[in-house]
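# A closer look at the structure
Each chain, letter by letter, is given below.
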Amino acid sequence: MRTATPLQYGTTARVLHWLVVVLLLAQYSIGWLMPDIHRGEQPGIAMTLHASLGVLILAVMLLRFAWRLTHPVAPESSLSTWQRLSSEMVHWSLYALVLATTLTGWLFASFRGWSVSFLFLTPLPMLGSVDATAARAIDGLHQAMEWTLLAFIVIHVSAALLHILLYRDGVVQRMLR
Ligand code: HEM
Ligand code: HEM
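First things first, this report covers the structure right here in the doc. What you see is a predicted model; the values in this text were computed from it and never measured.

Reading guide: rules and limits
- Residues numbered from 1 in each chain as written.
- Chains lettered and ligands numbered in written order.
- Predicted model: local features only at pLDDT ≥ 70, side-chain atom pairs only at ≥ 80, totals over all residues.
- Heavy atoms only, no water.
- Helix = DSSP H or I, 4+ residues; strand = E, 2+ residues; numbered from the N terminus.
- Buried < 20%, exposed > 50% of the residue type's maximum accessible area, 1.4 Å probe, protein only.
- Areas by Shrake-Rupley, 256 points an atom, 1.4 Å probe, with all protein chains shown as cover.
- Lys, Arg positive; Asp, Glu negative; His and termini not counted.
- Charge placed at Lys NZ, Arg CZ, Asp CG, Glu CD.
- Near = heavy atom within 4 Å.
- Polar contact = N/O pair within 3.5 Å; in protein donor to acceptor, adjacent residues only side chain to side chain.
- Nonpolar A, V, L, I, M, F, W, Y, C, P; charged D, E, K, R; others polar.
- Phe/Tyr/Trp six-rings, centres within 6.5 Å; stacked < 30°, edge-to-face > 60°.
- Lys NZ or Arg CZ within 6 Å of the ring centre and 35° of its normal.
- Donors = N, O, S within 2.8 Å, 3.2 Å for Na, K, Ca; no water.

### Regarding the overall build of the protein chain
Scanning the protein chain from N- to C-terminus turns up four helices and two strands. The linear arrangement of helices and strands in the protein chain, starting from the amino end, is α-α-α-β-β-α. Taken over the C-alpha atoms alone, the protein chain extends approximately 55 × 35 × 25 Å along its principal axes. Across the 177 residues in the protein chain, those meeting the buried criterion constitute 34%. If you sum the accessible surface of the protein chain, you get close to 11,100 Å²; carbon and sulfur atoms cover 70% of it. Side chains of the protein chain carry 11 positive and 8 negative charges; the gap between the two charge centres is 12 Å.

As C-alpha cells, this is what we get:
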C-alpha cells in the first residue's frame, strides 16, 4: 500500500538539520580562531578539532542526504514554482558545498603531510602525498568553498526569515516541530 508523502520534516530530519547548524557554528569559530601552522610544525589541538568536526559534519550530511532520498517531504503547497525551484537549488547546493569544503580541507592537510587524528582517537586517512604546489592551490580552494558555503547559508537563513516575517506561511515550522 502506498502512503502519502508527508508535508512535515520528521524527527530524524529535524534533529540532523539542527545538529549540522550547531556543528557548523563551532566549525567556523574554530576555523577563524585557530592559529596558523608554520612550515615544519605539526597540527595542534585546534586543527585536530577542526578536522574532526569537518569529518563529523560530512558524515551527518551524507546521512541526511540518504535520509532525504529515502524519506521525501512534499514541498509546502503555498510556494510558487520559482520558490520551489530556488529552494531546491539552494538545498542541493548546501549538500554539495559541505562535501566540497570538507574534501578541500582534508586534501590540504594531506598535501601538507599532516597526520591529523579523528577526535584524538585514530589518524584520518591521507587523501594524497606531500605536495607543496598542490597544497597552495587547494588552500585557496578551501577558503573559496568555505565562503561560498557561508553565502548559501546566508541566502537560506534569509529565505527562512522572509517566510517568518513577510509570507507568514508554515514553511519554517516544517523544520521546527
Ligand atoms: C564543513 C567543513 C569545514 C568548514 C566550514 C571549514 C572552515 C574553515 C575556515 C573558516 C577556515 C579558516 C580559513 C580562513 O582564514 O579563512 C579553515 C581553515 C582550514 N581548514 Fe577547514 N573547514 C572545514 C573542514 C575542514 C576539514 C575536514 C579539514 C581537514 C581535514 C580542514 C582543514 C583546514 C585547514 C588545514 C585550514 C587552515 C588553512 C590555512 O592555514 O590557510 N577543514 N577551514
Ligand atoms: C538558523 C539557521 C537555519 C534555519 C532557520 C533553517 C531553516 C530551514 C527550513 C525551514 C528548512 C525547510 C525548508 C522547506 O521546507 O522547504 C530547511 C531545510 C534545509 N536546511 Fe536549513 N536552516 C538553517 C540553517 C541551515 C544550515 C547552516 C544548513 C547547512 C547545511 C542548512 C541546510 C538545509 C538543507 C540541506 C535543507 C533541506 C532539507 C532537505 O530537504 O533535505 N540549514 N532549513
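### As for the site of ligand 2
The local shell around ligand 2 holds 19 residues, among which Y9, H17, Y95, H156 and R174 are the closest. Here an oxygen atom of ligand 2 sits 3.0 Å away from a polar atom, N or O, in the side chain of Y9. By residue class, the composition of the shell around ligand 2 is 13 nonpolar, three polar and three charged.

### Let's talk about the packing of aromatic side chains
Going through the model one piece at a time under the given rule, you end up with six aromatic pairs. Residues Y28 and W32 carry aromatic rings whose centres are separated by 5.1 Å and whose planes lie at 45° to one another, so their mutual orientation is tilted. Within this pair, Y28 and its partner W32 are both found in helix α1 (residues 11-33), separated by four residues, close to a single helical turn. W32 gets classed as partly exposed once you look at its relative accessible area, which sits at 47%. Ring centres of F65 and W92 lie 5.6 Å apart, and the angle between their planes is 75°; on these two criteria the pair is classed as edge-to-face. Residue F65 is found in helix α2 (residues 45-70), and its partner W92 is found in helix α3 (residues 81-111); the two are separated by 27 residues along the sequence. A relative accessible area of 31% means that F65 is categorised as partly exposed. One aromatic cluster is present, formed by Y28, W32 and W147 through successive ring pairs. Note that R68 overlies the ring of W92, its terminal NZ or CZ placed 4.1 Å from the centroid.

### With respect to unusual backbone geometry
Phi at L119 is positive, roughly 50°, even though this residue is not glycine. Along the polypeptide, L119 turns up in the loop between β1 (117-118) and β2 (122-123). Unusually for a residue other than glycine, R168 sits at a positive phi of about 50°. The exposure class of R168 is exposed, given its relative accessible area of 67%.

### A short note on the coordination of the iron atom of ligand 2
At this site the iron atom of ligand 2 is bound by H17 (NE2) and H156 (NE2), with donor distances of 2.0 Å. Classification of H156 by relative accessible area gives partly exposed; the value is 26%.

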